[in-house]
Amino acid sequence: MKPEKALIFELTQPGRVAYSVPDCDVPEVDPASVIPHGMLRAKPAELPEVYEVDVIRHYTELSRRNFGIDNGFYPLGSCTMKYNPKINEDVARFPGFAKIHPYQPEESIQGALELLFTLQNDLAALTGMDQVTLQPAAGAHGEWTGLMLIRAYHESRGEKRTKVIVPDSSHGTNPASATVAGFETITIPSNDLGLVDLEELRAAVGSDTAALMLTNPNTLGLFERQIEDVAKIIHDAGGLLYYDGANSNAIMGITRPGDMGFDVVHLNLHKTMSTPHGGGGPGAGPVGVKSRLVPFLPKPVVGRTDDGVYYWDTDRPQSIGRVKAYYGNFGILVRAYTYIRTYGPEGLRRVSENAVLNANYMMHRLAPYFEVPYPGVCKHEFVLSGKRLKAFGVRTLDVAKRLLDFGYHPPTVYFPLNVEECIMIEPTETESKETLDAFIDTMIQIAQEAETDPQLVINAPYTTVVKRLDEATAARKPVLNCSC
Ligand SMILES: *Cc1c(COP(=O)(O)O)cnc(C)c1O
């Protein structure tokens, strides 16, 4: 057996240091003479006293406990953990992008402004919208921004519309953003096919409807075939349509929210456009709008004069204002721009076609072992139900934990809420058939284990540093220095 590794605090030997700095060649001052009294430490920090090699091993060991898309397959439904091509990183590090400052004069950052201007236009073209803001820092931030635009639009027309409708399969951020933007949320149940129930929708709309928030394909991975009827019902009632485009992996170059009748859309560049995500950011959640909402966009947007000079357009009297410091997460925008240029229009379409193909391949191979609550063709993701395994005392959570032993990040589980024992899988287009097959074979093996040796699954994982955590408490009250 491997001996337990000593923790870095246990390696401490007084006097050991991990650094060497030159001798001080300026007069030393007493810290108490320069640091305000209340901010001075009462006693020295209790830091481990170790050699440089111990520090390096400590942090390298910690980093290996992390799981990311560069470690392995990560089929997290709705979250699009696709591979992040490294060329995006190279370009974001070009000194002309990495070393500029947001307060630089416009004439000295024409290249950066051109990139932003082009990205605004590319995203508008991709979504079928008239204008785009790049400011929002994440998907939920984009949702909130879009809803504030909708609010400003209704208010400019002297209308008081207080309600936002969402289907029961919607992403949790949708009702949350609507609430933060000051709306009341109405949730409508989906029909037997997992789609918007038109009768329920008709019953929910009225003169107080501000918007419907929807994603298409929806969170079950199903295309809302009646989207034109849905749009008509909302527009006839004077409401607007909001498209949650966080995950647009199924539609690029194939269809566009603008063509389906949507008025506002946000995109998650950290999902669809392959910029890295996880761990809380940074991300980018640009928002595109149809012309009637353009006057309200956050300012500034990037403009271009007839002479081809790029500038910050701040002259926008009806703007809802700024939604983010400076101009958004510029480094992420550079990565997304690089991704779009690398693939080009044809390439982006192939991305979506392959994302859909991979999801359907996986769904069909897994269908004999797990229930498929909404059979048929899925788009970029699909849901399974682990209901059948309940007879053996095995739940979806156990399947997810068992996957960890095989080196996979589990899929999304227990979401969307309207599917019992839900397992939501999004393979993405960046995985090879061999990777997909290996994961499918593992899922099949776990389904068989559940029948023949359920305890094996119920007690998983066996190979991870920590076993089963109270995940809610772990996130809310993390213990960051435990020796577990
Ligand atoms: C990820 C996601 C969001 C939220 O995006 P964040 O960047 O995490 O705020 C919203 N809607 C859908 C459908 C998503 O998948």
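See the structure above.
Residues numbered from 1 in each chain as written. Predicted model: local features only at pLDDT ≥ 70, side-chain atom pairs only at ≥ 80, totals over all residues. Heavy atoms only, no water.

1. Side note on the overall build of the chain
Okay, step 1: The helix and strand inventory of the chain stands at 15 helices and twelve strands.
Okay, step 2: Against the 2.2 N^0.38 benchmark of 23 Å for 484 residues, the chain shows a C-alpha radius of gyration of 26 Å, consistent with a compact globule.
Okay, step 3: Judged by the C-alpha coordinates and their principal axes, the chain covers about 75 × 70 × 45 Å.
Okay, step 4: Per-residue burial over the chain gives 47% buried out of 484 residues.
Okay, step 5: The long-range fraction of contacts in the chain, counting pairs at least 24 apart against all pairs at least 6 apart in sequence, stands at 70%. (Helix = DSSP H or I, 4+ residues; strand = E, 2+ residues; numbered from the N terminus. Rg over C-alpha atoms; globule rule 2.2 N^0.38 Å. Buried < 20%, exposed > 50% of the residue type's maximum accessible area, 1.4 Å probe, protein only. Contact = heavy atoms within 4.5 Å.)

2. What to know about unusual backbone geometry
Okay, step 1: Residue Lys299 is joined to Pro300 through a cis peptide bond whose omega torsion reads 0 degrees.
Okay, step 2: With respect to the helices, strands and loops of the structure, Pro300 is situated in the loop between β7 (287-289) and β8 (301-304).
Okay, step 3: Here the residue pair Ala460 and Pro461 is connected by a cis peptide bond, since its omega of 5 degrees sits within 30 degrees of zero.
Okay, step 4: Of note, the phi angle at Thr80 is positive, near 45 degrees, even though the residue is not glycine.
Okay, step 5: Turning to its location among the elements, Thr80 is positioned in the loop between α2 (52-64) and α3 (86-92).

3. Things to note about the nonpolar core
Okay, step 1: Counting residues in each nonpolar core, the largest one holds 32 residues, and the members touching the most others are Leu123, Leu269 and Met273.
Okay, step 2: Residue assignment for this core shows that the elements contributing at least two residues are α3, α5 (110-127), β9 (310-313) and α11 (330-366).
Okay, step 3: A per-element tally of this core places α5 first, with nine residues.
Okay, step 4: Each residue touching Leu269, except ones within four places of it in the same chain, is listed here: Leu123, Ser274, Thr275, Ala284, Pro286, Ile332, Leu333 and Ala336. (Core = buried A, V, L, I, M, F, W, Y, C linked by side-chain atoms within 4.5 Å.)

4. A closer look at the pairing of strand β12 (residues 422-425)
Okay, step 1: Burial of the side chains of β12 extends over both faces: Cys422 and Met424 are buried on one face and Ile423 and Ile425 on the other.
Okay, step 2: Here four bridges tie strand β10 (residues 382-385) to β12, and the two strands are oriented antiparallel to one another. Each residue of the ladder has a partner; that of Val383, found in β12, is Met424. (Pairing = 2+ DSSP bridges.)

5. Considering the pattern of salt bridges
Okay, step 1: Summed over all chains, the structure comprises 28 salt bridges.
Okay, step 2: Of the charged contacts in the structure, one is a salt bridge between Glu421 and Arg395, with a shortest N-O distance of 2.6 Å. With Glu421 in the loop between β11 (412-413) and β12 and Arg395 in the loop between β10 and α12 (396-405), this pair connects stretches of sequence that are 26 residues apart.
Okay, step 3: Overall, Arg395 belongs to the partly exposed group, its relative accessible area being 40%.
Okay, step 4: Several salt bridges converge on common partners, so that one network encompasses Arg365, Lys433, Asp437 and Asp441. (Salt bridge = Lys/Arg side-chain N within 4 Å of Asp/Glu carboxyl O.)

6. Section: the side chain of Gln135
Okay, step 1: Within the secondary structure, Gln135 sits in the loop between β1 (131-133) and α6 (139-156).
Okay, step 2: Of note is the side chain of Gln135, whose polar atom sits 3.0 Å from the backbone oxygen of Lys299.
Okay, step 3: Within polar-contact distance, the side chain of Gln135 engages the backbone nitrogen of Val323 at 2.9 Å.
Okay, step 4: Setting aside residues no more than four positions away along its own chain, Gln135 makes contact with Pro298, Lys299, Pro300, Arg322, Val323, Lys324, Tyr326, Tyr327 and Gly328. (Polar contact = N/O pair within 3.5 Å; in protein donor to acceptor, adjacent residues only side chain to side chain.)

7. A closer look at the sheet that holds β10
Strands pair in a sheet through their backbones, by hydrogen bonds, and they do so in one of two ways: parallel or antiparallel.
Okay, step 1: The strand order across the open sheet built from three strands is β10-β12-β11, with neighbouring strands paired in antiparallel fashion. This sheet does not close on itself; its edge strands, each paired only once, are β10 and β11.
Okay, step 2: Lying over the sheet, α11 contacts β10 and β12, oriented at roughly 15 degrees with respect to β10. (Axes fitted to C-alpha atoms, helices over the stretch in contact; angles between N-to-C directions.)

8. Description of the site of the ligand
Okay, step 1: Taken together, Ser78, Ala138, Gly139, Ala140, Glu143, His171, Thr173, Asp244, Ala246, Asn268, His270 and Lys271 make up all the residues around the ligand.
Okay, step 2: Residue Ala140 places a main-chain N or O atom 2.8 Å away from an oxygen atom belonging to the ligand.
Okay, step 3: One of the side-chain nitrogen or oxygen atoms of Lys271 is found 2.7 Å away from an oxygen atom of the ligand.
Okay, step 4: Here the ligand loses 84% of its free accessible area of 380 Å² to cover by the protein chains.
Okay, step 5: Of the residues forming the shell around the ligand, the biggest block, three residues, is contributed by α6.
Okay, step 6: Here the shell around the ligand is composed, by residue class, of three nonpolar, six polar and three charged. (Near = heavy atom within 4 Å. Areas by Shrake-Rupley, 256 points an atom, 1.4 Å probe, with all protein chains shown as cover. Nonpolar A, V, L, I, M, F, W, Y, C, P; charged D, E, K, R; others polar.)

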